[in-house]
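Each chain, letter by letter, is given below.
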Amino acid sequence: MILVVDVGNTNIVLGLYEGNILTHDWRLSTNRSSTVDEYGVLISNLFQFAGVRAEQIEGVILSCVVPPIMSVLEQLFVKYVGKEALVVGPGIKTGLNIRYENPKDVGADRIVNAVAGIEQYGTPLVIVDFGTATTFDYIDASGAYLGGAIVPGIGIAAEALYQRAAKLPRIELAKPKTVIGRNTVAAMQAGIIFGYAGQVDGIVRRICKEFGVQPRVIATGGLAELIAGESETIEKVDPLLTLEGLRIVYERNG
Ligand SMILES: Nc1ncnc2c1ncn2[C@@H]1O[C@H](COP(=O)(O)OP(=O)(O)O)[C@@H](O)[C@H]1O
Ligand SMILES: CC(C)(COP(=O)(O)O)[C@@H](O)C(=O)NCCC(=O)O
Ligand SMILES: [K+]
């Protein structure tokens, strides 16, 4: 059994794989001030609740886009799982041909998404990950990772309106009935939800035009489901893409 862990700016997602079957998955808040032992108590409880003993875990793989908590997490797995985590980054085999100017600059989450996406959906491929930031990744027909686009995430956008405009409230991120909002909350929801769906379609269509391709378009991330229904270009939501990518990269380094 292996433990896969993706650390985003908002959530830490953990999964246990038995072979290529995901048997458990959990989501914790990413808390920059939590200690090794605070995270340790959380994961020990999760394992206990699932009837899993730390000794059953043969290996751990970690992708992390929050450098300040990297060392806490590395210590966490040594202390509470008894295993040194394989960290997705320079020096590990991903099998991905990364054409970013500096390959080490690409977020580890984007790399593992691309690895899983290529395996499961083929190429050419666009992956949209709705996390703290929304990322677009383009993988060409040859399987090369060419780069993509990064935009403020949906939560960040909604929060910015609330923080910076005195009369705008904090809203629930939910789909309104119509694009014409007749109250403040409905107007903000229309702008954010339909605006993001349009943004996705706009970026995807631009990729298609610039490269002369008809890629598959797969979405993942905490808020993917909300936007996918309104987008004309997202063909599928795959909430497990990042965890699958971690499992595949782990195997490639076995
Ligand atoms: N299962 C879920 N259902 C609904 N919203 C979620 C879920 N998971 C995460 N979110 C929300 O989606 C946003 C991004 O989450 P996530 O994809 O985990 O981001 P990150 O990878 O940056 O940590 C957050 O605002 C979070 O509250
Ligand atoms: C773009 C991101 C902030 C997305 O992270 P997330 O929203 O999942 O927390 C992360 O992938 C990152 O920090 N990337 C490094 C910059 C880059 O990929 O070019
Ligand atoms: K992510």
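Residues numbered from 1 in each chain as written. Chains lettered and ligands numbered in written order. Predicted model: local features only at pLDDT ≥ 70, side-chain atom pairs only at ≥ 80, totals over all residues. Heavy atoms only, no water.

The name given to the protein in an unreviewed UniProt entry is Type III pantothenate kinase, with the source organism recorded as Cohnella abietis. Its UniProt record, at the heading Pathway (unreviewed entry), says of the protein: "Cofactor biosynthesis; coenzyme A biosynthesis; CoA from (R)-pantothenate: step 1/5." Per UniProt, the protein carries the Function (unreviewed entry) text "Catalyzes the phosphorylation of pantothenate (Pan), the first step in CoA biosynthesis." (UniProt positions renumbered as here; feature names shortened; annotations may be inferred.)

Here we come to the site of ligand 1. All residues in the neighbourhood of ligand 1 are listed as Gly8, Asn9, Thr10, Asn11, Arg27, Phe130, Gly131, Thr132, Gly221, Gly222 and Leu223. With respect to ligand 1, the backbone of asparagine 11 contributes an N or O atom lying 2.7 Å from an oxygen atom. A per-class count over the shell around ligand 1 returns two nonpolar, eight polar and one charged. (Near = heavy atom within 4 Å. Polar contact = N/O pair within 3.5 Å; in protein donor to acceptor, adjacent residues only side chain to side chain. Nonpolar A, V, L, I, M, F, W, Y, C, P; charged D, E, K, R; others polar.)

Turning our attention to the UniProt feature "active site" (unreviewed entry) in the protein. Here the UniProt feature "active site" (unreviewed entry) sits at Asp109. By the secondary structure assignment, aspartate 109 is in helix H3 (residues 108-121). Residue contacts for aspartate 109: discarding those within four places in its chain leaves Asp6, Ser63 and Val65. (Helix = DSSP H or I, 4+ residues; strand = E, 2+ residues; numbered from the N terminus. Contact = heavy atoms within 4.5 Å.)

Here the bond from threonine 123 into proline 124 is cis, since omega is -5°, no more than 30 degrees from zero. By secondary structure assignment, the location of proline 124 is in the loop between H3 and strand E7 (125-130).

Under the criterion given, the structure shown has three aromatic pairs. Measuring from ring centre to ring centre gives 6.3 Å for tyrosine 100 and tyrosine 145, while their planes differ by 55°; the resulting arrangement is tilted. Remark: tyrosine 145 occurs in strand E9 (residues 144-152) and tyrosine 100 occurs in the loop between strand E6 (97-98) and H3; sequence separation between them is 45 residues. Of the residues examined, tyrosine 145 reaches a relative accessible area of 0% and is grouped as buried. Plain terms: the ring middles of tyrosine 138 and phenylalanine 211 are 4.6 Å apart, the flat faces sit at 40° to each other, and that makes the pair tilted. Separated by 73 residues along the polypeptide, tyrosine 138 in strand E8 (residues 133-139) and phenylalanine 211 in helix H5 (residues 184-211) bring together distant segments of the chain. (Phe/Tyr/Trp six-rings, centres within 6.5 Å; stacked < 30°, edge-to-face > 60°. Buried < 20%, exposed > 50% of the residue type's maximum accessible area, 1.4 Å probe, protein only.)

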